[in-house]
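Secondary and tertiary structure notes
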Amino acid sequence: MPEAAIGEEYGTVSQAPSRITEELLGACVHCGFCVPVCPTWDILREENDSPRGRLYLMLAEADGRVDPAGAFAVHLDRCLGCRACESVCPAGVPYGHLLEQARARIRRRPATRRRQRWVLSALTRPDASKLTYAAARFLRSTGLAGGLGRLLPGRAGQLLRLLAATRPAFGLGASSLRAQPPRLGDDPPDKDDDRETYALLTGCVMEGLFEHVHAATRRSLARSGYDEVEAPGQACCGALHAHAGQLDEARQHARRNIEAFERTDCDWVVTNSAGCGAGLKDYPAWFAQEPDWLERAEALTGRVRDVTEILAVELERSGGGSATAGATRAIEGRVGYDAPCHLHHAQGVLDQPLDVLRALPGLEVEALPSSAHCCGGAGMYNLEHPELADLVRATKLGEIQRGGYDWIATGNPGCIMYLGAGLLRAGDRTPVVHPVELVDRAWG
Ligand code: SF4
Ligand code: SF4
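Attention in this report is confined to the structure presented alongside it. (Residues numbered from 1 in each chain as written. Chains lettered and ligands numbered in written order. Predicted model: local features only at pLDDT ≥ 70, side-chain atom pairs only at ≥ 80, totals over all residues. Heavy atoms only, no water.)

Concerning the overall build of the protein
Within the protein one finds 25 helices and eight strands. Looking at the 444 residues of the protein, the share that counts as buried comes to 55%. The long-range share in the protein, meaning contacts at least 24 apart out of those at least 6 apart in sequence, stands at 76%. Surface summary for the protein: the accessible area is close to 18,500 Å², and the carbon and sulfur share equals 53%. (Helix = DSSP H or I, 4+ residues; strand = E, 2+ residues; numbered from the N terminus. Buried < 20%, exposed > 50% of the residue type's maximum accessible area, 1.4 Å probe, protein only. Contact = heavy atoms within 4.5 Å. Areas by Shrake-Rupley, 256 points an atom, 1.4 Å probe, with all protein chains shown as cover.)

As structure tokens, this is what we get:
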């Protein structure tokens with residue numbers, strides 16, 4: 001893109017970086033360990049498209065040495081936000097937080113800002129998103145999403161394929177045991193019994209398109225001895241806003257969630273979306289400069305668990321027991337596990353999904369060779385940078401097609417959608433499911 005066009009697209013940076021951000025940027029010792037694990041560097045072989053190069057750009061921008069409307073914005077926007085660089089960094093540089101802060105300083109053109117806000121509202125605002133998801137479910141259930149998605153080129157075709165990939169592989173209810181109705185927050189369960197309690201982050205995309213994963217989550221936790229309490233007033237986690245640099249909006253969502261979950265006295269706040277879980281666990285970083293909210297954010301974060309973390313604890317407590325011992329159906333087949341970046345790198349949840357899957361009778365479990373690498377979906381990245389996202393995904397699709405799996409399992413809606421969309425386009429019918437759907441399936 002010519003520099004003039006870049007300037008028009010990105011405009012100027014809106015705020016100076018905070019002192020905390022500058023201190024964190026200074027933690028980088030420029031060792032380069034992060035460079036070879038970076039998917040965009042791997043493809044583009046350009047220092048500015050590596051984590052170290054992007055950190056240099058952030059430092060230079062903080063010092064006023066680079067044009068914030070040019071290379072700074074372009075290379076930061078090409079970042080997937082996968083945080084693979086954080087996992088290998090010996091200096092503990094919190095790259096993901098720095099990226100969010102840096103993106104918040106890019107002032108977009110008004111038209112670009114309006115488009116971003118419109119898309120985020122359509123996906124996350126309760127009133128607008130009801131219509132969005134009702135229309136999406138109609139396209140999905142009638143088969144139009146899959147049919148047209150195979151035919152249409154460009155962004156429209158991609159959107160339809162992403163939608164088609166949300167179709168439940170096992171239907172809405174894989175089991176005869178229905179999810180127990182949640183207990184209300186103002187009527188908490190008796191703490192004398194030994195059943196622990198949880199509130200589910202229902203989220204926006206998960207609630208709108210992955211109701212089958214919510215149902216499987218509720219059934220699996222009920223069987224493992226957990227009672228659900230309702231958390232009315234909760235909102236979208238805010239992660240999509242934070243990734244887009246809309247930190248004020250992200251904090252508004254975070255405040256609502258902190259208040260909603262404070263009103264429950266549940267033991268755990270459970271997520272079944274890696275992106276949302278990472279968002280909730282990142283709340284303290286979002287409130288680093290607001291001490292009152294920081295304390296409340298830390299209290300919430302201490303209770304947040306991915307559903308596979310809870311099920312893995314139950315497995316261990318019962319010596320391989322309650323999370324799967326009641327399973328009535330052997331699942332004959334092979335599953336390839338692909339780790340969502342926001343579970344693996346952002347939350348450090350590596351073994352639990354595999355442990356839970358390996359405990360299911362009859363199931364053969366393998367992690368994909370590239371499991372720890374990004375699939376290219378990265379929220380809305382695949383719509384904004386389709387060519388680059390396609391190149392990132394290509395390795396994984398090749399592994400899946402050569403692997404001959406019966407299912408691919410991954411615990412994030414964006415990964416389910418982007419891998420599923422790629423398989424659909426390739427004419428490969430391997431279903432992409434959430435691990436908890438297989439757990440639920442094992443109970444017959
Ligand atoms: S690994 Fe960490 S310290 Fe080394 S260059 Fe990358 S971000 Fe900087
Ligand atoms: S977040 Fe991922 S794409 Fe971005 S710099 Fe780090 S490794 Fe590279």
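There's plenty left to go through after this.
Focus on the site of ligand 2
In the region of ligand 2, the neighbouring residues are Cys38, Pro39, Thr40, Pro51, Arg54, Cys79, Leu80, Gly81, Cys82, Arg83, Cys85 and Tyr95. Looking at the shell around ligand 2 residue by residue, the classes come out as eight nonpolar, two polar and two charged. (Near = heavy atom within 4 Å. Nonpolar A, V, L, I, M, F, W, Y, C, P; charged D, E, K, R; others polar.)

Remarks on the sheet that holds strand E2 (residues 226–228)
Strand pairing in a sheet is mediated by backbone hydrogen bonds. Such pairs are either parallel or antiparallel. Read across the sheet, four strands follow the order E2-E1-E3-E4 without closing on themselves; strand pairing throughout is parallel. At either end of the open sheet lies a strand with only one pairing partner, and these are E2 and strand E4 (304–306). Taken pair by pair, the neighbouring strands of this sheet meet at an average axis angle of 40°, ignoring direction. (Pairing = 2+ DSSP bridges. Axes fitted to C-alpha atoms, helices over the stretch in contact; angles between N-to-C directions.)

Here's the deal with the packing of aromatic side chains
All chains considered together, the criterion is met by three aromatic pairs. A centroid spacing of 5.0 Å and a plane angle of 45° characterise the contact between tyrosine 283 and tryptophan 286, whose relative ring orientation is tilted. With a gap of three residues between them, tyrosine 283 and tryptophan 286 both fall in helix H17 (residues 283–286), about one helical turn apart. For the pair formed by tyrosine 283 and tryptophan 286, the shared burial category is buried. The lysine or arginine in question, arginine 255, covers the ring of tryptophan 293, its NZ or CZ lying 5.6 Å from the ring centre. Note that arginine 296 overlies the ring of tryptophan 293, its terminal NZ or CZ placed 4.3 Å from the centroid. (Phe/Tyr/Trp six-rings, centres within 6.5 Å; stacked < 30°, edge-to-face > 60°. Lys NZ or Arg CZ within 6 Å of the ring centre and 35° of its normal.)

Looking at a nonpolar patch on the surface
Taken together, Phe138, Leu144, Leu148, Leu151 and Leu152 make up a surface patch of nonpolar side chains, about 470 Å² in accessible area. Sort the elements by how many residues they give to the nonpolar patch and helix H10 (residues 144–151) lands first, with three residues. Inspection of the secondary structure assignment puts leucine 151 in helix H10. What makes leucine 151 exposed here is its relative accessible area of 67%. (Patch = residues over 30% accessible without salt bridge, like charges linked within 9 Å, V, L, I, M, F, W, Y side chains within 5 Å. Salt bridge = Lys/Arg side-chain N within 4 Å of Asp/Glu carboxyl O.)

What about the site of ligand 1?
All residues adjacent to ligand 1 are Cys28, Val29, His30, Cys31, Gly32, Phe33, Cys34, Arg52, Leu55, Cys89, Pro90 and Ala91. Per-class residue counts for the shell around ligand 1 are nine nonpolar, two polar and one charged.

Considering unusual backbone geometry
At arginine 45, a position not held by glycine, the phi torsion is positive, near 50°. When you line up the elements, arginine 45 lands in the loop between helix H3 (39–44) and helix H4 (51–62). Residue arginine 45 is classed as exposed on the basis of its relative accessible area, which comes to 52%. Positive phi, close to 50°, is recorded for alanine 378, a residue that is not glycine.

What about the packing of H4 against helix H7 (residues 95–104)?
Where H4 meets H7, the axes come as close as 11 Å, and the angle between the chain directions of the two elements is 45°. When the axes of H4 and H7 are compared, the pair comes out oblique. For the element pair H4 and H7, the recorded crossing hand is left-handed. Touching Pro51, Arg54, Leu55 and Met58 of H4 are Tyr95, Leu98, Leu99 and Ala102, all from H7. Partitioned by chemical class, the residues of the contact of H4 with H7 number seven nonpolar, no polar and one charged. (Parallel < 35°, antiparallel > 145°, perpendicular 65-115°, else oblique. Left-handed = near helix turned anticlockwise from the far one by under 90°.)

Side note on the nonpolar core
Counting residues in each nonpolar core, the largest one holds 72 residues, and the members touching the most others are Leu363 and Leu438. In terms of nonpolar packing, the next biggest core, distinct from the first, is built from 24 residues, Ala104, Ala250, Phe261 and Ala297 among them. (Core = buried A, V, L, I, M, F, W, Y, C linked by side-chain atoms within 4.5 Å.)

Observations concerning the packing of helix H13 (residues 211–223) against helix H19 (residues 307–317)
It is the contact of H13 with H19, at a shortest axis distance of 11 Å, that shows an interaxial angle of 20°. Taken as axis vectors, H13 and H19 run roughly parallel relative to one another. As H13 packs across H19, the resulting crossing turns out to be left-handed. Within the contact between the two elements, H13 uses Thr217, Ser220 and Leu221 and H19 uses Val307, Ile310 and Leu311. Residues belonging to the contact of H13 with H19 are distributed by class as follows: four nonpolar, two polar and no charged.

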